Protein chains: 2
Amino acid sequence: MNSDLSCLQVKDIGEQGLLERLQRFCPPDVIGDDAAVLTTNPNQSLVVTTDMLVNGVHFSDVTTSPEDAGWRAAAANLSDLAAMGAFPLGITVGLGLPGDVSVNWVERLYQGMTECLQKYHVPIVGGDIVRSPITTLAITAFGEATPDFIIRRSAAQIGDAIVVTGIHGASRAGLELLLHPEIGQNIKTEEKAALITAHQRPNPRLDVIPILRAILKSQSKIQNPKSKIAVAGMDSSDGLADAVLQICRASRVGAVLEYSQITIPKAFEKWLTAEQGREYTLYGGEDFELVLCLPQDTAETLVKQLSTGAAIIGTITPGLTVLLHDQEQKLRDQILTLNQGFKHFTK
Amino acid sequence: MNSDLSCLQVKDIGEQGLLERLQRFCPPDVIGDDAAVLTTNPNQSLVVTTDMLVNGVHFSDVTTSPEDAGWRAAAANLSDLAAMGAFPLGITVGLGLPGDVSVNWVERLYQGMTECLQKYHVPIVGGDIVRSPITTLAITAFGEATPDFIIRRSAAQIGDAIVVTGIHGASRAGLELLLHPEIGQNIKTEEKAALITAHQRPNPRLDVIPILRAILKSQSKIQNPKSKIAVAGMDSSDGLADAVLQICRASRVGAVLEYSQITIPKAFEKWLTAEQGREYTLYGGEDFELVLCLPQDTAETLVKQLSTGAAIIGTITPGLTVLLHDQEQKLRDQILTLNQGFKHFTK
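Where an unreviewed UniProt entry is consulted, chain A appears under the name Thiamine-monophosphate kinase, with the organism given as Anabaena lutea FACHB-196. Its UniProt record, at the heading Pathway (unreviewed entry), says of chain A: "Cofactor biosynthesis; thiamine diphosphate biosynthesis; thiamine diphosphate from thiamine phosphate: step 1/1." What UniProt records for chain A under Sequence similarities (unreviewed entry) is the sentence "Belongs to the thiamine-monophosphate kinase family."

Structure representation (C-alpha cells):
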C-alpha cells in the first residue's frame, strides 16, 4: 500500500475499496442490492442494473464462444432484475471494439445475447459502439416492479426459511469440464452436457417472480389484507454461500444452513471428492439461481411450485453467525465467512 | 476491404456499418433518435440513452482534466435526454480501470460528473467497477417523458421554423484555445474563458423542456384542444449542420438555413477568418444545444423566452436538399451534405 494518499492507486484498495470511496457521490438508499430502485410514481418502480465485461478478465475466446459470452452477459443482467423481483423492460449495450475484431465475432456475440433475451421477450433498446484497444461490453438492464413487491437483501427476518430456486455448483463443474475435458470420463454424456450447459447458458430465474407474486397475493389476502409479506433475497451469481452471507450482513441476522437439504448434482460423486463437490456447491458461483428468505409457509408453497433443486436449505437466526450444519454428520459444523470477493485489482 | 466475409473486420465497415448490421437484433422502432423510448403505460414513457468513452479516443489527460471529462460525459447523456424532451431520473456508471490509475483521478472524475448532475438534480443510481487494460467509462442515462410530448428526429414538417437554443462553435473554439494557448492573444481574458468553459463545461439544455412544454400546452388549448403540435429535433453534439441534416434525412424533408441568422461568437472575428468561424459554427460540435423544428408561431414564442444565441435560423422545405443561404451575400449558396460522421475504425 502506497503511503502517499495522492498516489494511491486503484490496485492498492481494490474494487470494493474504490466502490466505498465513490459511494459519497451516490444517494445512500440506492447502494447494496443487485440493482437500483427508482420510484417514479406510487404504483411503479424502475429497477436498473449495469455490468461491465472486459475481454480476458470476464470472458475469453479460450473457454467461451462469442454466442455464450453474449448469452451469459444478458443472463447475468436479467438475473439481477429477477433478484429484485422486477420484470425486464429492455437492455442497452455499449461495445468497445478494437478495429481488428471480426464482424462475425460481434454478430455472434449479439446472436447469443438475443437468444437469451428473446426467451424472456426483452428487447435491446439502445447502445453505443466505439473504438477501444480492448473488447469491452457494458450492459444496462432496466425493469419494472411494484413498490410493495421488491426483493431486498436487507429484509430477512428471524425465523424466515431460506429457499434456493435450483441447483448450485453445476456451472462451476461445467467450467472445469470445459477447461479439462479429460477428467469427465466417468460421467455419462448427457450429465456432462447438462453441466456444461449450466455454465454456458445459465437461465436467469425470472420465471420465479410471477409464481412468488401470486403466492404472496393469495397469502396476504388470507392473513391480513393490509399486512405485506417481506421477501429478502438476491441472486447467487457469486455463489450460494456468498448470497446467504450478503443477505445476513445486510439484514443484520444470522443463519443456519442444513447441508443435507442442498441438492448436489448426481454426477459429482462419480468424479469429485465430497469436499470438492461441497466447494463447487457453496462457492462455485454463476448458477444465477435466487436465494430467498420467506416465512416458512410461503417458502413451502413456493418450493412445491418450482422444479429440480428448489429447496428450503436453512433458517434465519438471531446473531450474525452463518453456520453450516450437516444433519447426516458427514461434515463438521462450520462457520461461513464472507471472503473479500474477487480482488480484481490486487496484483 | 477484405473480400472474405468471415474475415471482415470492424475497421473495414466502421462504426456506422457495424451498427447497421446489428440493427436486425433490435426492434425497428427504437433506432434513429438520441435515445430509445419505451412506453410503460399510456401516460408515461421511459427514455434511455447510453454512451461509451475510452481513454485516448474520447478523452485524454492532455486536454481534459478528470473533472471536465466527468462533467462532459454526464452532460452528453443529459443532452440526449433533453433532445427527446425527457426529464432525467438517474444515470448508471460503468468504469473499467487499469490497476495503476490513481484513486485521486477516479474521485476527480466522479467529482466533475456529480457537479454536472447536481445542477439538474440527477442521482447516480448504480454502477460497476472492473479491471481493464484501458480506462473506459460507460454511462446510461434514463428519463421520463409523456408519450404525446416526445421530440423525434423524424417529425419535421414542411414550413416548420428551425430553432437553435444557443450559440454554436464556441466549444470547438475553446478546444483550439486549449490546444494552442499562444493563438488567443487578441482576445479578452473573459471571452477566452467563456469559449474554454463552453468546451470544458457544456450545459445540456434541459432548461428548454419545461418552457417548450408550457408553450405547447397553452397553444394547443387556443388552437384545438385535441390537436397536438409535433416537435422535431435533436441535440447538436455532432455539430449544427449534422443536426439539421439528420433531422431532414429522418423526416424526408429539406431545409433552407439563413446564415445571417446564426449567432457567431463575437470573439471569432478577432482571431479567426470568416471561413474558420463558419467551419466551427456549422461543424464544430459538442455545444450540446438543441435544434428544434416547430410551427413558426411556436418557434417565435420559444426564442423570446430563451437567452443569448437562441434564434430561428431557417425553414423546413419540400425536397431533400439542405441549402445554406446568406442574405448578406458574404457567402455563396451552398448545399450541405451529411459527412460520414466520425469514422472511428478507419485506419
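Q: It is not clear to me how the pairing of strand E9 (residues 290–294) of chain A should be interpreted in this structure. Could you clarify?
A: Taken residue by residue, a regular strand's side chains alternate between the two faces of the sheet. Residues and elements named next belong to chain A. For E9, the tally of buried residues reaches five of five residues, placing the bulk of the element in the interior. Residues Leu290, Leu292 and Leu294 point to one face of E9 and Val291 and Cys293 to the other, with burial holding for every one of them. Inspection of the sheet shows strand E6 (residues 161–164) paired to E9 by four bridges, in the antiparallel sense. Directly across from valine 164, in E9, lies its bridge partner valine 291. As judged from the four bridges shared by strand E7 (residues 232–235) and E9, these two strands associate in the antiparallel manner. From the neighbouring strand, methionine 234 faces E9, where its bridge partner is valine 291.

Q: What is the right way to read helix H5 (residues 189–200) of chain B from this model?
A: In an α-helix there are 3.6 residues to a turn, and that puts residues three or four apart on one side. Residue and element names in this part refer to chain B. Taking 1.5 Å per residue, 12 residues should reach 16 Å; H5 reaches 16 Å between its end C-alpha atoms and fits that length. Regarding H5, the residues found buried are Glu191, Leu195, Ile196 and His199. Axial view of H5: buried residues confined to an arc of 130°, hence all on one face. Those residues of H5 that are exposed and aimed more than 90 degrees away from the buried face are Thr189 and Glu190.

Q: Whenever I open this one, the relation of the copies chain A and chain B confuses me. Can you help?
A: Relating one copy of the chain to the other takes a rotation about an axis and a shift parallel to that axis. Superposition of chain A onto chain B requires a rotation of 180° combined with a translation of 0.0 Å along the rotation axis, giving an RMSD of 0.0 Å. Expressed as an axis order, the relation between the two copies is that of a two-fold axis. Both copies contact each other with a shared surface, as 100% of the interface residues of chain A are interface residues in chain B too.

Q: What should I look at first to understand the packing of helix H3 (residues 103–119) of chain A against helix H1 (residues 10–22) of chain B in this one?
A: Describing two packed helices takes the angle between their axes plus the distance from one axis to the other. Put simply, H3 of chain A and H1 of chain B touch, their axes get as near as 10 Å, and they point 25° apart. Looking at the two axes, H3 of chain A sits roughly parallel to H1 of chain B. H1 of chain B is crossed by H3 of chain A, and the crossing has right-handed handedness. Along its contact with H3 of chain A, which presents Val103, Val106, Glu107 and Tyr110 of chain A, the element H1 of chain B presents Val10, Ile13, Leu18, Arg21 and Leu22 of chain B. Class assignment for the residues of the contact of H3 of chain A with H1 of chain B results in seven nonpolar, no polar and two charged.

Q: What should I look at first to understand the UniProt feature "binding site: Mg(2+) 2" (unreviewed entry) in chain A in this one?
A: Residue and element names in this part refer to chain A. Mapped onto this structure's residue numbering, the UniProt feature "binding site: Mg(2+) 2" (unreviewed entry) falls at Asp51 and Asp80. Considering the C-alpha atoms alone, the annotated residues occupy 30 residues of sequence yet fold into one spot, their largest mutual distance being 10.0 Å. Checked against the element boundaries, aspartate 51 lands in strand E2 (residues 44–54). Classification of aspartate 51 as buried rests on a relative accessible area of 17%. A polar contact of 3.4 Å, which involves the side chain of aspartate 51, links it to the side chain of asparagine 77. Looking at where aspartate 80 falls in the secondary structure, it is placed in helix H2 (residues 66–83). Owing to a relative accessible area of 10%, aspartate 80 belongs among the buried residues under this scheme. Apart from the residues lying within four places of it in its own chain, the contact partners of aspartate 80 are Asp34, Ala35, Thr49, Asp51 and Asp235.

Parameters and conventions
The residue numbers shown here count from 1 along each chain, following its written sequence. Lettering for chains starts from A, numbering for ligands starts from 1, and both go in the order in which the items are written. Confidence filtering applies because this is a predicted model: local features only for residues at pLDDT of at least 70, side-chain atom pairs given and counted only at 80 or more, and all residues used for totals across whole chains, interfaces and linings. Only heavy atoms go into the side-chain values, all of them from the structure, while hydrogens and water stay out. UniProt positions are given in the numbering used here, feature names are shortened, and annotations may be inferred rather than shown by experiment. Under the scheme applied here, a residue whose accessible area is under 20% of the maximum for its type counts as buried, over 50% as exposed, and between as partly exposed, the area being computed with a 1.4 Å probe on protein chains only. Numbering of helices and strands runs from the N terminus; a helix is a DSSP stretch of H or I covering at least four residues, while a strand is a stretch of E covering at least two. Two strands pair if DSSP finds at least two bridges between them. One less than the number of residues in a helix, times 1.5 Å, gives the span that helix is expected to have. The arc refers to the directions leading from the helix axis to the C-beta atoms. A least-squares superposition brings the copies together, and it is based on the C-alpha atoms of residues with pLDDT no lower than 70 in both. Two residues form a contact once any of their heavy atoms are found within 4.5 Å. Note on geometry: axes are C-alpha line fits, over the in-contact stretch for helices, and angles between N-to-C directions span 0 to 180 degrees. For classification purposes, an angle smaller than 35 degrees is called roughly parallel, one larger than 145 roughly antiparallel, one from 65 to 115 roughly perpendicular, and anything else oblique. By convention the crossing between two helices is left-handed if the near helix lies anticlockwise of the far one by an angle smaller than a right angle, and right-handed if it lies clockwise. Three classes are used, and their members are as follows: Ala, Val, Leu, Ile, Met, Phe, Trp, Tyr, Cys and Pro are nonpolar, Asp, Glu, Lys and Arg are charged, and the others, Gly among them, are polar. Here a polar contact means two N or O atoms within 3.5 Å. Within protein one must be a hydrogen donor candidate and the other an acceptor candidate, and residues neighboring in sequence count only if both atoms are side-chain atoms.

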